[in-house]
Amino acid sequence: MISTKYFDHTILNADASEADVKKVCDEARKYDFASVCVNSYYTAFVAKELKGTDVKVCTVVGFPLGQSTTEVKAFETQKAIEAGATEIDMVINVGALKDKKYEFVKKDIKTLKDVCGKDIILKVIIETCLLTDEEKVIACKLSKEAGADFVKTSTGFSKAGAKASDVKIMRETVGTEMGVKASGGIHSEEEALSMIEAGASRLGTSATLAIIGK
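Residues numbered from 1 in each chain as written. Predicted model: local features only at pLDDT ≥ 70, side-chain atom pairs only at ≥ 80, totals over all residues. Heavy atoms only, no water.

1. Considering helix α5 (residues 102–116)
When the terminal C-alpha atoms of α5 are compared, their 21 Å separation across 15 residues agrees well with the 21 Å that a helix rising 1.5 Å per residue should span. Buried within α5 are the following residues: V105, D108, I109, L112, K113 and C116. Projected down its long axis, α5 carries its buried residues within an arc of 125 degrees, all on one side. Across α5 from its buried face, at more than 90 degrees, point the exposed residues E103, K107 and D114. (Helix = DSSP H or I, 4+ residues; strand = E, 2+ residues; numbered from the N terminus. Expected span 1.5 Å × (residues − 1). Buried < 20%, exposed > 50% of the residue type's maximum accessible area, 1.4 Å probe, protein only. Arc of directions from axis to C-beta.)

In structure tokens form, the structure reads like this:
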């Protein structure tokens, strides 16, 4: 049995209604998941629903493409925190990484970590399906240098999701000091266990109940 604290119970689809999000919050409370992960519109609603629990409020920023300006990402992060977010999952600018604009990518991440401060967890989505293995390593190193708390495989909205082989690369690159979150396409206990065995310390999925057999 996988500990329920591995899971960021996720609802990010564009047509998610308030009732849909409330259902996810109810499930997170019942099974004591690590967090509920939502788009920024629902941050305040989720914070209210989860008040009095230890389930975190996780908001995605620059989602899903990562090509908002740093200033826009920083503003979105600040507003999410003000609305009750305790974790932020940001998307890197993949195009900038591929153009080898490494200082820009690192500054993009560091700016958001500065907004988060020490109390708000920052996870950096590197969108592994769009990167070479070398680029995955570089993205993880930049995230670590910028002070991020986690690196995360995927948005779940690109060409592919998490792979255990990518999680292994990420864990080997960041070491034990950072978290590694696998997300995108994790639908079964077998898939979840493969990610954990590869080094994942958090799993993002909308199939949480199926994975834990509920």
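Back to the write-up after that little detour.
2. Examining the packing of α5 against helix α6 (residues 133–145)
Packing of α5 against α6 brings their axes to within 8 Å, and their N-to-C directions diverge by 50 degrees. As summarised for this structure, α5 and α6 are arranged oblique, according to the angle between their axes. The chirality of how α5 crosses α6 is right-handed. In this structure, α5 uses Y102, V105, K106 and I109 to contact α6, whose residues at the interface are I138, L142, S143 and E145. A class-by-class count of the residues in the contact of α5 with α6 yields 5 nonpolar, 1 polar and 2 charged. (Axes fitted to C-alpha atoms, helices over the stretch in contact; angles between N-to-C directions. Parallel < 35°, antiparallel > 145°, perpendicular 65-115°, else oblique. Left-handed = near helix turned anticlockwise from the far one by under 90°. Contact = heavy atoms within 4.5 Å. Nonpolar A, V, L, I, M, F, W, Y, C, P; charged D, E, K, R; others polar.)

3. Some words on helix α1 (residues 18–31)
With 14 residues, α1 should cover 20 Å at 1.5 Å per step; its first-to-last C-alpha distance of 20 Å lies within 8% of that length. Along α1, the positions that sit buried rather than exposed are V21, V24, C25, E27, A28 and Y31. For α1, the angular spread of the buried residues around the axis is 160 degrees, confining them to a single face. Residues A19, K23 and K30 are exposed on α1 and point more than 90 degrees away from its buried face. Elements in contact with the buried residues of α1: β1 (7–11), β2 (35–38), α2 (43–49) and α9 (208–211). Downstream of α1 by a residue or two, D32 has a phi angle that is positive, lying close to 60 degrees.

4. Quick word on the UniProt feature "active site" (unreviewed entry) in the protein chain
If you check UniProt for "active site" (unreviewed entry), the listed places come out as D89, K152 and K181 in our numbering. With the annotated positions falling across 93 residues, the maximum pairwise C-alpha distance of 10.1 Å places them together in a single cluster. For D89, the location among the structural elements is in strand β4 (residues 87–91). Its relative accessible area of 0% is what places D89 among the buried residues. Aside from chain neighbours lying at most four places away, what touches D89 is C37, C58, T59, V60, V61, K123, I125, K152 and K181. For K181, the position within the fold is in strand β7 (residues 179–183). Accessibility expressed as a relative area gives 0% for K181, which makes it buried. Apart from the residues lying within four places of it in its own chain, the contact partners of K181 are D8, C37, D89, K123, F150, V151, K152, T153, R202, L203 and G204. (UniProt positions renumbered as here; feature names shortened; annotations may be inferred.)

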